[in-house]
Amino acid sequence: REPGDLSDNGDRRTEGQGMVTPTEQLAREEVFGALKRNWGWMLALGIVMVALGMMGLGMVGAMTVLSVLYFGFMLLFGSGIQLVQAFQADGWSGRIWQIVIALLYLGAGIVVISDPVLASATLTLALACCFVAVGVVRIIMALRLRGGQGWVWTLIAGIAAIVLGVMILNRWPVDSLWVIGVLVSIELIFAGWSQIAIALAARKLLQADALPPAAGA
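Residues numbered from 1 in each chain as written. Predicted model: local features only at pLDDT ≥ 70, side-chain atom pairs only at ≥ 80, totals over all residues. Heavy atoms only, no water.

Draft legend 1. Broad picture of the side chain of Gln 98. Here Gln 98 shows up in helix α5 (residues 95–114). Exposure remark for Gln 98: the relative accessible area of 11% places this residue in the buried category. Reaching out from Gln 98, the side chain makes a polar contact with the side chain of Gln 85 at a distance of 2.8 Å. (Helix = DSSP H or I, 4+ residues; strand = E, 2+ residues; numbered from the N terminus. Buried < 20%, exposed > 50% of the residue type's maximum accessible area, 1.4 Å probe, protein only. Polar contact = N/O pair within 3.5 Å; in protein donor to acceptor, adjacent residues only side chain to side chain.)

Below, the structure written as structure tokens:
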């Protein structure tokens with residue numbers, strides 16, 4: 001290589017320091033947008049979510065009750081929104097049905113809030129049945145895709161969902177007070193780690209954009 005030839009070094013520096021083409025830069029802007037400058041807030045949110053998930057695993061009973069109460073208040077909120085919309089939609093043919101649905105939401109919310117333990121048992125039963133149903137659908141899908149890429153993982157996921165559903169049903173209603181709490185806590189942990197990963201990726205891109213251009217570029 002002749003002295004002063006920086007083509008290879010320039011390429012290495014460009015690759016190592018994260019220099020990208022205008023097209024790649026535009027794609028990154030579309031994905032991250034202003035998040036690159038505000039990544040700290042997402043990182044903090046992710047850490048808080050992971051911490052709450054870890055705390056929830058330590059007190060799953062309380063997490064279950066809190067989750068059920070949250071669900072109940074959301075039902076009440078949804079009922080109020082639908083009632084307001086129904087009374088504002090004068091002359092709408094579906095108005096009466098909207099009011100009926102809102103009243104059902106209202107009744108369900110009151111029942112859930114008044115007895116969250118009973119509500120947790122009901123929700124746990126429904127959740128277990130959903131796991132079994134989802135597992136059956138995944139197995140059928142996997143068998144239809146048999147031989148294709150990833151069909152084994154779909155099959156495994158289906159079997160796992162059925163096993164989980166059956167395990168919950170076998171212990172229902174004894175374990176109703178911890179199932180929802182465990183699932184919500186695990187969801188918080190995974191969601192928190194996802195937020196942390198996105199925030200760190202945005203920070204890395206921000207640092208790469210701040211690097212000076214490669215020599216000879």
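Draft legend 2. Inspection of the packing of helix α6 (residues 116–144) against helix α7 (residues 151–170) at higher detail. Running from amino to carboxyl end, α6 crosses α7 at an angle of 155°, the nearest separation of the two axes being 7 Å. Of the possible angle classes, the one that applies to α6 and α7 is roughly antiparallel. The handedness of the crossing between α6 and α7 comes out as left-handed. (Axes fitted to C-alpha atoms, helices over the stretch in contact; angles between N-to-C directions. Parallel < 35°, antiparallel > 145°, perpendicular 65-115°, else oblique. Left-handed = near helix turned anticlockwise from the far one by under 90°.)

Draft legend 3. Layout of the layout of surface pockets. In this model, the largest pocket occupies a volume close to 150 Å³. As for the largest pocket, its lining consists of Leu 164, Met 167, Ile 168, Arg 171, Asp 175, Trp 178, Val 179, Val 182, Leu 183 and Ile 186. Secondary structure elements with two or more residues in the lining of the largest pocket: α7 and α8 (176–209). Here the element with the most residues in the lining of the largest pocket is α8; it accounts for 5 residues. Of the residues that constitute the lining of the largest pocket, the class distribution is 8 nonpolar, no polar and 2 charged. (1 Å grid on protein atoms, 1.4 Å probe; cavity = no way out; pocket = protein on both sides within 12 Å on 5 of 7 lines; lining within 4 Å. Points joined across faces, edges and corners; volume = space filled by probe spheres on them. Nonpolar A, V, L, I, M, F, W, Y, C, P; charged D, E, K, R; others polar.)

Draft legend 4. Inspection of α5 at higher detail. Taking 1.5 Å as the rise per residue, α5 with 20 residues should run 28 Å; its terminal C-alpha atoms sit 29 Å apart, in good agreement. Buried residues of α5: Gln 98, Ile 99, Ala 102, Gly 109 and Val 112, and no others. Each buried residue of α5 sits inside an arc of 150° when the element is viewed along its axis, so together they form one side. Opposite its buried face, α5 presents the exposed residues Ile 96, Trp 97, Leu 104 and Ser 114, each directed more than 90 degrees away. Those residues of α5 that are buried are in contact with α4 (60–88) and α6. (Expected span 1.5 Å × (residues − 1). Arc of directions from axis to C-beta. Contact = heavy atoms within 4.5 Å.)

Draft legend 5. Seen up close, the side chain of Thr 124. Structurally, the position occupied by Thr 124 is in helix α6. Excluding residues within four positions of it along the chain, Thr 124 makes contact with Ile 168, Trp 172, Ser 176, Val 179 and Ile 180.

Draft legend 6. View of the environment of Met 55. For Met 55, the position within the fold is in helix α3 (residues 39–58). Take Met 55: its relative accessible area is 47%, and that puts it in the partly exposed class. Sequence separation between Met 55 and Ser 185 is 130 residues, and the spatial gap between their C-alpha atoms is 7.9 Å.

Draft legend 7. Seen up close, α7. Relative to the 28 Å expected for 20 residues at 1.5 Å per residue, α7 spans 29 Å between its end C-alpha atoms, a close match to the ideal helical length. Along α7, the positions that sit buried rather than exposed are Trp 151, Leu 155, Gly 158, Ala 161, Gly 165 and Ile 168. Mapping the buried residues of α7 onto a view down its axis gives an arc of 160°, with all of them on the same face. Set apart from the buried face of α7 by more than 90 degrees, the exposed residues are Trp 153, Met 167 and Asn 170.

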